[in-house]
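As a plain string of letters, each chain reads:
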Amino acid sequence: MHKKIIDQIKEASVLELNDLVKAIEEEFGVTAAAPVAAGAAAGGDAAAEQTEFDVELTEVGGEKVKVIKAVREITGLGLKDAKGLVDGAPSIVKEGADKEAADEMKAKLEEVGASITLK
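Reading the values: rules and limits
Within each chain, residue numbers correspond to sequence positions counted from 1 in written order. Only residues with pLDDT of at least 70 get local features here, since the model is predicted, and only at 80 or more are side-chain atom pairs given and counted; chain-wide, interface and lining totals rely on the full set of residues. Neither water nor hydrogens contribute to the side-chain values; these are computed over all heavy atoms in the structure. Surface patches are defined over residues having more than 30% relative accessible area and no salt bridge, joining like charges when they lie within 9 Å and nonpolar side chains (Val, Leu, Ile, Met, Phe, Trp, Tyr) when within 5 Å. Each accessible area value is a Shrake-Rupley result obtained with a 1.4 Å probe; residue values ignore everything except the protein chains displayed when judging cover. Just to be clear on terms, a salt bridge is a Lys or Arg side-chain nitrogen sitting within 4 Å of an Asp or Glu carboxyl oxygen. Helix and strand definitions here come from DSSP, where helices need a minimum of 4 consecutive H or I residues and strands a minimum of 2 consecutive E residues; each element is numbered from the N-terminal end. Think of it in three bands: with a 1.4 Å probe and only protein chains considered, a residue is buried below 20% of the maximum accessible area for its type, exposed above 50%, and partly exposed in between. To define a nonpolar core, start from buried Ala, Val, Leu, Ile, Met, Phe, Trp, Tyr and Cys residues and group those joined through side-chain atoms within 4.5 Å. Working rule for contacts: check all heavy atoms of both residues, and any pair within 4.5 Å makes them a contact. All axes are obtained by fitting lines to C-alpha atoms, using only the stretch in contact for helices, and the reported angles, taken between N-to-C directions, cover 0 to 180 degrees. Roughly parallel here means an angle under 35 degrees, roughly antiparallel means over 145, roughly perpendicular means 65 to 115, and every remaining angle is called oblique. Put simply, a crossing is left-handed when the front helix is turned counterclockwise from the back one by less than a right angle, and right-handed when it is turned clockwise. Three classes are used, and their members are as follows: Ala, Val, Leu, Ile, Met, Phe, Trp, Tyr, Cys and Pro are nonpolar, Asp, Glu, Lys and Arg are charged, and the others, Gly among them, are polar. Cavities and pockets are found on a 1 Å grid laid over the protein atoms alone: a cavity is a set of points where a 1.4 Å probe fits but cannot escape, a pocket is an open set with protein on both sides within 12 Å along at least five of seven lines, and a lining residue has an atom within 4 Å of such a point. Grid points are joined across faces, edges and corners, and a volume is the space filled by probe spheres set on the points. Expected span, for any helix, means 1.5 Å times one less than how many residues it has. Each C-beta atom gives one direction from the helix axis, and the arc is the one those directions make.

Points about a nonpolar patch on the surface
Right, so step 1: Taken together, Met 1, Ile 5, Ile 9, Leu 20, Ile 24, Phe 28 and Val 30 make up a surface patch of nonpolar side chains, about 700 Å² in accessible area.
Right, so step 2: Of all the secondary-structure elements, those providing two or more residues to the nonpolar patch are α1 (2-11) and α2 (14-28).
Right, so step 3: Per-element tally for the nonpolar patch: the top contributor is α2, with three residues.
Right, so step 4: Note on placement: Leu 20 falls in helix α2.
Right, so step 5: Judged by its relative accessible area of 37%, Leu 20 falls in the partly exposed class.

Printed below as a string of structure tokens:
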């Protein structure tokens, strides 16, 4: 049963995962932000050795259509999902990317005027 759920999560888009987190938070009265913040505060030394990065679109900039196209190229999302991700900024474009891939995504998005944060 758990494997089936994990497989479904692996195949979900960023927007679908975001909606899932919100639904879980509402259903169980919890927040996903607290454990992440506590883990980041406790792992000060781990930040120096970070090998995986989340690419966050913090601001869209003036070229929204170009940003949507870049997000589609990076994520493989359809137009509707990519537009939703861009409209929902700040939002995570890619989770768990290695340093090289994260830097490449950041460069592509900044090239079209977006502001990106690597976490």
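That covers the picture; the talk isn't over yet.
Comments concerning the nonpolar core
Right, so step 1: In terms of nonpolar packing, the biggest core is built from 21 residues, with Leu 57, Val 67, Val 71, Val 86, Val 93 and Leu 109 touching the most fellow members.
Right, so step 2: Among the secondary structure elements, those contributing two or more residues to this core are β1 (52-59), α5 (64-75), α6 (79-87), β2 (91-98) and α7 (99-111).
Right, so step 3: Of the residues forming this core, the biggest block, five residues, is contributed by α5.
Right, so step 4: Those residues in contact with Val 93 that lie beyond four places of it in its chain are Val 14, Val 55, Glu 56, Leu 57, Ile 74, Thr 75, Leu 85 and Leu 109.

Quick look at the packing of α5 against α6
Right, so step 1: The N-to-C vectors of α5 and α6 enclose an angle of 120°; their axes lie 9 Å apart at closest approach. By the criterion of interaxial angle, the relationship of α5 to α6 is oblique. Where α5 crosses over α6, the two elements pack in a sense that is right-handed. Between α5 and α6, the contacting residues are Lys 64, Val 67, Ile 68, Val 71 and Arg 72 on the first element and Leu 79, Ala 82, Lys 83, Leu 85, Val 86 and Asp 87 on the second.
Right, so step 2: For the contact of α5 with α6, the per-class residue count stands at seven nonpolar, no polar and four charged.

Let's talk about the layout of surface pockets
Right, so step 1: Here the second largest pocket defines a volume of roughly 240 Å³.
Right, so step 2: Forming the boundary of the second largest pocket are Glu 11, Ala 12, Ser 13, Val 14, Leu 17, Ile 74, Thr 75, Leu 77, Val 93, Lys 94 and Glu 95.
Right, so step 3: When residues of the lining of the second largest pocket are assigned to their parent elements, the largest contribution, three residues, is made by β2.
Right, so step 4: Residues that form the lining of the second largest pocket fall into these classes: six nonpolar, two polar and three charged.

Considerations on α5
Right, so step 1: Given a rise of 1.5 Å per residue, 12 residues ought to cover 16 Å, and the 16 Å separating the end C-alpha atoms of α5 matches this to within 8%.
Right, so step 2: Buried within α5 are the following residues: Val 67, Ile 68, Ala 70, Val 71 and Ile 74. For α5, the arc enclosing every buried residue in end-on projection is 165°, short of the 170-degree limit, so these residues lie on one face. Those residues of α5 that are exposed and angled more than 90 degrees off the buried face are Val 65, Lys 69 and Glu 73.
Right, so step 3: Looking at the packing, one finds that the buried side of α5 touches β1, α6, β2 and α7.
Right, so step 4: Two residues or fewer after α5 comes Gly 76, characterised by a positive phi angle close to 80°.

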